[in-house]
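Breakdown of the fold
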Amino acid sequence: MSRQDYPDYESKSYELYLRGRNVLPNAGSRSSIQLSPYTLFLKSGQGKKVVDVDGNELIDFNNNYTSLIHGHCHPYVVEAVNDQIRKGTAFAFGSEIEIKLAELLCDRVPGFEQIRFMNSGTEAVMNGIKVARAITGRAKIAKCENAYHGSYDASEVSLAVEPTDLSRGDPVSKAYSAGTPQGVLNDVVVIPFNDVPNCRRILNEHGPELAGVLFDPFGSGMGRLQPTQEFIDLLDAMRDAHGLLLIADEVIAFRADYRGCMDHFGVKADITCLGKIIGGGFPVGAVAGSRNIMGVFDGGSEKARLPHGGTFNANPVTMVAGEISLRELTAGRIEQMNRLRQMLQSGLNDIAQKNSLPLAINHYGSCLNIFLSESIPDSPIVRADEELMDRFHVACLNHGLFIAPRGMVALSTVITEEDIAAALESADAAMRDVAAESG
Ligand SMILES: Cc1ncc(COP(=O)(O)O)c(C=O)c1O
């Protein structure tokens, strides 16, 4: 693996950062790629590796924040997409490939009878909420404190509240972005994740006004903390008691198992929001549910109860990439990725011990989250290990390993045991640097 020395003010990345800043806020288009003092610019990705504009090679354990389940430019994705590009990239009528991907998802997941496609996980969550509102005629939704669900304003409420604000019993609805309307805050009831007695109390209090409860069976934004069975059972009971809908955000969670995440809990969500891997590396979102629920989108020749447009919805390029990617994501490959994640996790534990660094790891399926602290923190915004983690992240980049800044690791099907060994070597070198700097 190549060795670089970030920050390098002679680098091409820095030059592009300065140039980019003139025309792009902070030289980019997504908050999650920010890096201080400047973001890196990548030139290419192939399989498990990416190369930056300075020629540094990184083994990619970020995989575009979990969406590249088969790594970069997998030959079967490239072939399917090239073939489709020659046939047309966007049509203002349906295409058979859209039916094929929907059939594949419906065959795979019990409870999926119909699918509606869109272009991002954010849109999937937004539409999931709109479906619940359209069906129940109620405006409010409940969501878990600190849970990340993309950048729709209702689903951002109380994202990243600080530990001092964490109100175990009675969370308040807090704006995440400047300018969030008070009306949005009023319509979102915040519940404390996995806190069954307080959730029961809050949901019983607000239940009759709630269209649905939005939750992530993967704990995104919360260090991949998984909900307990008891918590999911409570949500299930609240659905029956108050006629609200369960909205499962499986935008990331879906990759964890062959039939997604909820199968594991034995509870069927009314609405499932999908994204990331179902687009085979291309922009995608989807809402899935029973024919009855999904009927809100279906007005026949009349206006639907929930009209839903989108110039690029179900564009054939995304659909072919998604179809081949999901078909190739067999139960065996998922098992293999999960086994390699386990191998990585035990290796990381060993090297942290060797370097006398604290380490806590949360995992699910083929993803894990690293914390350089004795335990998993409560809040995604202020972490006890923040400074250490920032240094570790940069040290990993400098030793050729690309993980997410907050320690998220997502494997892909093209990663092998040799890659895990190489990643552990890089992580070991990075931990040595961090330990040395900490004195
Ligand atoms: C759980 C969850 N929901 C929704 C989203 C939003 O998806 P997108 O970035 O495609 O809008 C994300 C993105 O990371 C996510 O992790």
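Everything discussed here concerns the structure shown above.
What comes next concerns the included structure.

Cut-offs applied
- Residues numbered from 1 in each chain as written.
- Predicted model: local features only at pLDDT ≥ 70, side-chain atom pairs only at ≥ 80, totals over all residues.
- Heavy atoms only, no water.
- Helix = DSSP H or I, 4+ residues; strand = E, 2+ residues; numbered from the N terminus.
- Rg over C-alpha atoms; globule rule 2.2 N^0.38 Å.
- Contact = heavy atoms within 4.5 Å.
- Areas by Shrake-Rupley, 256 points an atom, 1.4 Å probe, with all protein chains shown as cover.
- Pairing = 2+ DSSP bridges.
- Axes fitted to C-alpha atoms, helices over the stretch in contact; angles between N-to-C directions.
- Phe/Tyr/Trp six-rings, centres within 6.5 Å; stacked < 30°, edge-to-face > 60°.
- Buried < 20%, exposed > 50% of the residue type's maximum accessible area, 1.4 Å probe, protein only.
- Lys NZ or Arg CZ within 6 Å of the ring centre and 35° of its normal.

**Looking at the overall build of the protein**
- Assigned secondary structure in the protein consists of 13 helices and 14 strands.
- Relative to a compact globule of 439 residues, whose C-alpha radius of gyration would be 22 Å, the protein shows 22 Å and is just as compact.
- If one aligns the C-alpha atoms of the protein with their principal axes, the spans along those axes are about 60 × 55 × 45 Å.
- Here the contacts in the protein between residues at least 6 apart in sequence split such that 72% fall between residues at least 24 apart.
- Just so you have it, the protein exposes about 18,700 Å², and 49% of that area is on carbon and sulfur atoms.

**Observations concerning the sheet that holds strand β6 (residues 188–191)**
- Spatially, seven strands are ordered β4-β10-β9-β8-β7-β5-β6 in an open sheet, and the strand pairing comes out mixed. Because the sheet does not close on itself, it has two edges, and the strands there are β4 (114–118) and β6. Taken over all neighbouring pairs, the strand axes of this sheet differ in orientation by 20° on average, direction set aside.
- With five bridges joining them, β4 and strand β10 (residues 285–289) adopt antiparallel strand pairing.

**Focus on unusual backbone geometry**
- Note that the residue after Tyr6, namely Pro7, is joined by a cis bond; omega there is -5°.
- Its place among the elements puts Pro7 in the segment before α1 (12–23).
- Following Ser36, the chain continues into Pro37 via a peptide bond in cis, with omega recorded as 10°.
- Here Pro37 lies in the loop between α1 and β1 (42–46).
- Even without glycine at this site, Asn64 takes up a positive phi of about 45°.

**Focus on the packing of aromatic side chains**
- Counted by the stated rule, this structure contains nine aromatic pairs.
- Ring plane angle 75° and centroid distance 5.5 Å describe the contact between Phe218 and Tyr364, whose orientation is recorded as edge-to-face. Linking Phe218 in the loop between β7 (210–215) and α8 (229–242) with Tyr364 in strand β11 (residues 360–364), this pair joins segments that are 146 residues apart in sequence. Residue Phe218 shares its accessibility class with Tyr364, and that shared class is buried.
- An aromatic cluster is built from Tyr6, Tyr9, Tyr14, Tyr17 and Tyr38, whose rings are joined through pairwise contacts.
- Directly above the ring of Tyr258 sits Arg108, whose terminal nitrogen or CZ lies 3.8 Å from the centroid.

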